[in-house]
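An overview of the molecular structure
In case you want the letters, here they are:
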Amino acid sequence: MKKIILGAIMMVASFTQVQAQLVKFGVKAGANFANQTGDANFDGIAYDKEGITSYHAGLVAEIKVMESFAIQPELLYSTEGASYKTAGKDFINELGYISIPVLAKFFVAENLSLELGPQASFLVSEKNDFDVKNGETFEFGVVGGLGYKITENFFVQARYGLGLTEASKNADVKNSVFQVSAGFMF
């Protein structure tokens, strides 16, 4: 009986050790260089768009599937949008999203990875310099980029995200964002 209990303890301990190597959790934060693509006409007036600089932060996990492949789900708060200008009116439209990218992570070198996957985003805040609240509450997009592990725990990433659905109820625009991040895996 003692051998069976000892064997079960050894099996659970080894499974826990293997599981710890397969799944890692962490945090990340960084800068967003966001803009909106498409036709920026509001109430029949054409506006010139300019990008805004904002931020993102959140949680990240890495689930190792093979030595050179992992799945990386994330839960981020990300601000995106654009600055609009015309002869008589200027405003900034800043949209705050809870974003959930799920990335396929291909390790092309020991510490360098190519990351690509879908992203679902849910609008939770909208700040702008005019009265209209016109953001769509859901956005679907794709993201892709590169990641680099500086050490076993510290990493940096650069990625581009492109919205595939409309970001506004009143204009034919989609979000576009370049992100630079740094993070720590536990």
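Preceding block: the structure.
Structure report, in brief.

About the cut-offs
All chains use their own residue numbering, which begins from 1 and follows the written sequence. Whole-chain, interface and lining totals are the exception, using all residues; otherwise, since this is a predicted model, local features are given only for residues with pLDDT of at least 70 and side-chain atom pairs are given and counted only at 80 or more. Here the side-chain values reflect all heavy atoms present in the structure, with hydrogen atoms and water set aside. One side-chain nitrogen of Lys or Arg within 4 Å of one carboxyl oxygen of Asp or Glu is enough to make a salt bridge. The helix and strand labels rest on DSSP assignments: H or I over at least four residues marks a helix, E over at least two residues marks a strand, and numbering proceeds from the N terminus. Any residue under 20% of the maximum accessible area for its type is buried, any over 50% is exposed, and the rest in between are partly exposed; the area is computed with a 1.4 Å probe on protein chains only. At least two DSSP bridges between two strands are needed for those strands to be called paired.

**Side note on the pattern of salt bridges**
- Scanning the entire structure with this criterion turns up eight salt bridges.
- Note that Glu-152 and Lys-24 form a salt bridge whose closest N and O atoms lie 2.5 Å from each other. Note that Glu-152 is positioned in the loop between β9 (138-149) and β10 (154-163) and Lys-24 in strand β1 (residues 23-39), a separation of 128 residues in sequence.
- For the salt bridge of Glu-94 with Lys-127, the shortest nitrogen-to-oxygen distance reads 3.5 Å. Linking Glu-94 in strand β7 (residues 90-107) with Lys-127 in strand β8 (residues 112-128), this pair joins segments that are 33 residues apart in sequence.
- Residue classification places Glu-94 among the partly exposed residues on the basis of a relative accessible area of 21%.

**With respect to the pairing of β8**
- Alignment of β7 against β8, held across 13 bridges, turns out to be antiparallel. When the sheet's bridge partners are listed, Pro-101 is paired in β8 with Gln-119.
- Hairpin remark: β7 followed by β8, antiparallel, with four residues in the connecting loop.
- Bridge analysis of β8 against β9 gives eleven bridges, and the strand direction is antiparallel. Its bridge partner being in β9, Glu-115 is matched across the sheet by Gly-145.

**What to know about the pairing of strand β11 (residues 172-185)**
- Direction of pairing for β1 relative to β11: antiparallel, over a ladder of 14 bridges. Following the sheet pairing, Val-27 is matched in β11 by Phe-184.
- Sheet analysis places β10 next to β11, joined by nine bridges and oriented antiparallel. Each residue of the ladder has a partner; that of Leu-162, found in β11, is Ser-176.

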